[in-house]
Amino acid sequence: MEQMAQRVLSDASNEGEALVSVGRIVFSALILTRFLALGGAHAEGGAAAAWLQLPLLLGSIAVSAMALLAARRRLFGAKLLVASTVLDAVFAHASLLSTVLWHGPHYTGLLRMPDPAAAIAVAFITALRLSPGAAWIGTAANLLLMGGLTALDLHVNARNATYGAKDLMLLFIFIGSAGVFASVICGIARRLVLEAGTASAHMERARTNLRALLREHHDVRTLLSAARLRADLLLREPMGASAPGHASALVQDLGELSSFIESVKARALGELTVIEDATAVNVGATLRRAIEVVQARFARVRFELEETAGLARAAANDVSVRIVGGERGLTHVVTNLFVNACEGDGRQGARTVRISVEPNPTLHGVLLSVSDDGPGFRPGLLEGERPRAGTTKPEGAGLGMLLVSGLVEASGGTLRACNPPEGGARVEVTLPTSG
């Protein structure tokens, strides 16, 4: 999901770069038209100004055209976006250089002309690239280049310039404000694009799962037909020699149907919880309710809610975490962990399940640990510290831990599983706090 969201963001950034490139081409073409209309090489500055302006403007158009093609091919990354932002500032200020060096007798200084206002526009359009870093660097480049250009103007045209430090500071305030505004807009737009990308990823995953369910629909119909046939045969010959075989096959068909239904239920729950926003949930209260539910099913198992890091049981009720799906999402996570511990590998389960809750201020999260004295994770079910798809339970689908892991990671948390040296299994879930 994160990869798809980043891809959507990259596409949007490249679209913004394409718009900026088109704008740069139009701007350079207009400046070139103006230069030629005013006489070109015969205007103020003569051939020297022409040798500066013509290569600069034609180069700007050529580079912008290449940038436009690259943006349409989605080739712009973070570094190229920054480079393009700096290039905007360089072209904009270099186009003013001829005005500083070659001007008419009525020239009163660069800041007495409307041309420097282009720097404000250049700083503002950095927002289209959806890169706050590029926006800040572009703003800094515009300020530095404008400072250098005005310093050159005051040095070369000291007798003509009628502006001073107050005028320069006012222009700097305008350029800086445009840059800050662009950065804020850029950050907001970037967040919205990432959210839209994540939503697109959810929709694509939902479509994929739906297609998978539709493909499996044929298998379900086959199982139902087989089960119906077995039942008809049993009704026709309830005491026949083949009745035990039909009954056994019927039980097997119904078991496969039950597993499929559980799989559909798990997928649907996973989709519903991930689609919802993360909300704050009381950890202590949710843990106790989940323990009561699971304890009723596994009466022989002893559940121990440990007090760690000075966290008293009463205080645990004040600890909240953010998780997608809210209370339902957290209940789904802890219930799965408890049931997995109690069932073990399907042949041997845990006798004692220990649960601890420990705030982690450094990570701004809460560590929830569930350990047991069961058989632990079998070989092949762990990939480093992450659970893999698969199960050792005769009636298991192997999706429980994967759904739990996906739910935790979608909430901005982490899940680690291991077989500790003292035996059994331990699962550690870290979720962000609500504060």
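Residues numbered from 1 in each chain as written. Predicted model: local features only at pLDDT ≥ 70, side-chain atom pairs only at ≥ 80, totals over all residues. Heavy atoms only, no water.

S.K.: Please explain the pattern of salt bridges as it appears in this structure.
M.R.: Between side chains of opposite charge, a pair can form as their charged atoms come close. Within the structure shown, the criterion is met by 16 salt bridges. For Arg351, the salt bridge goes to Asp373, with nearest N and O atoms at 3.9 Å. Remark: Asp373 occurs in the loop between β5 (365-372) and β6 (382-383) and Arg351 occurs in the loop between α11 (326-343) and β4 (352-360); sequence separation between them is 22 residues. Given the relative accessible area of 28%, Asp373 is considered partly exposed. (Salt bridge = Lys/Arg side-chain N within 4 Å of Asp/Glu carboxyl O. Helix = DSSP H or I, 4+ residues; strand = E, 2+ residues; numbered from the N terminus. Buried < 20%, exposed > 50% of the residue type's maximum accessible area, 1.4 Å probe, protein only.)

S.K.: I tried to follow the packing of aromatic side chains on my own but got confused; where do I start?
M.R.: A ring pair, where both rings are aromatic, is described by two values, the distance of the centres and the angle of the planes. Considering all chains together, one arrives at two aromatic pairs under this definition. For the ring pair Phe124 and Phe181, a centre distance of 5.8 Å and an interplane angle of 25° mean the geometry is stacked. A residue pair is termed long-range when its members are at least 10 positions apart, and Phe124 in helix α5 (residues 117-124) and Phe181 in helix α7 (residues 165-236) qualify at 57 residues. Where Phe303 meets Phe338, the ring centres are 5.7 Å apart and the plane angle is 65°; that geometry is what we call edge-to-face. With Phe303 in strand β2 (residues 302-307) and Phe338 in helix α11, the pair connects residues that are 35 residues apart, well separated along the chain. (Phe/Tyr/Trp six-rings, centres within 6.5 Å; stacked < 30°, edge-to-face > 60°.)

S.K.: Where do I start with a nonpolar patch on the surface in this structure?
M.R.: Taken together, the side chains of Leu19, Phe124, Ile125, Leu128, Phe181 and Ile185 make up a nonpolar region of the molecular surface, amounting to roughly 510 Å² of accessible area. Judged by relative accessible area, Phe124 falls into the partly exposed class, the value being 38%. (Patch = residues over 30% accessible without salt bridge, like charges linked within 9 Å, V, L, I, M, F, W, Y side chains within 5 Å. Areas by Shrake-Rupley, 256 points an atom, 1.4 Å probe, with all protein chains shown as cover.)

S.K.: So what exactly am I meant to see when it comes to the UniProt feature "transmembrane region" (unreviewed entry) in the protein chain here?
M.R.: Here, the residues flagged by UniProt with the feature "transmembrane region" (unreviewed entry) are residues 21-42, 48-69, 81-104, 134-156 and 168-190. When the span residues 48-69 is considered, its composition is 100% helix and 0% strand, and the gap between its end C-alpha atoms is 32 Å. Taken as a whole, residues 134-156 contains 100% helix and 0% strand, while its terminal C-alpha atoms sit 32 Å from one another. (UniProt positions renumbered as here; feature names shortened; annotations may be inferred.)

S.K.: What exactly am I supposed to notice about the environment of Val370 here?
M.R.: Considering the arrangement of structural elements, one finds Val370 in strand β5. Once the C-alpha coordinates of Val370 and Arg354 are considered, the two residues, 16 residues apart in sequence, prove to be 5.7 Å apart. Other than its neighbours up to four places away in sequence, Val370 contacts Leu337, Phe338, Val353, Arg354, Ile355, Ala425, Arg426 and Val427. (Contact = heavy atoms within 4.5 Å.)

S.K.: Can you help me understand the packing of helix α9 (residues 283-297) against α11 in this one?
M.R.: Each pair of packed helices gets described by two things: the angle between the helix axes and the distance between those axes. At a minimum axis separation of 9 Å, α9 and α11 run at an interaxial angle of 40°. Considered as vectors, α9 and α11 are oriented oblique to each other. The way α9 lies across α11 gives a crossing that is right-handed. Only Glu327, Leu330, Thr331, Val334, Thr335, Phe338, Val339, Cys342 and Glu343 of α11 make contact with α9, whose side of the interface consists of Val283, Thr286, Leu287, Arg289, Ala290, Ile291, Val294 and Arg297. By residue class, the composition of the contact of α9 with α11 is 10 nonpolar, three polar and four charged. (Axes fitted to C-alpha atoms, helices over the stretch in contact; angles between N-to-C directions. Parallel < 35°, antiparallel > 145°, perpendicular 65-115°, else oblique. Left-handed = near helix turned anticlockwise from the far one by under 90°. Nonpolar A, V, L, I, M, F, W, Y, C, P; charged D, E, K, R; others polar.)

S.K.: Whenever I open this one, the pairing of strand β8 (residues 414-418) confuses me. Can you help?
M.R.: Taken residue by residue, a regular strand's side chains alternate between the two faces of the sheet. Residues Leu415 and Ala417 point to one face of β8 and are all buried, whereas Thr414, Arg416 and Cys418, pointing to the other face, are not buried. Where β8 folds back onto strand β9 (residues 425-432) in an antiparallel hairpin, the turn is made up of six residues, including Gly423, whose phi is positive at roughly 105°. (Pairing = 2+ DSSP bridges.)

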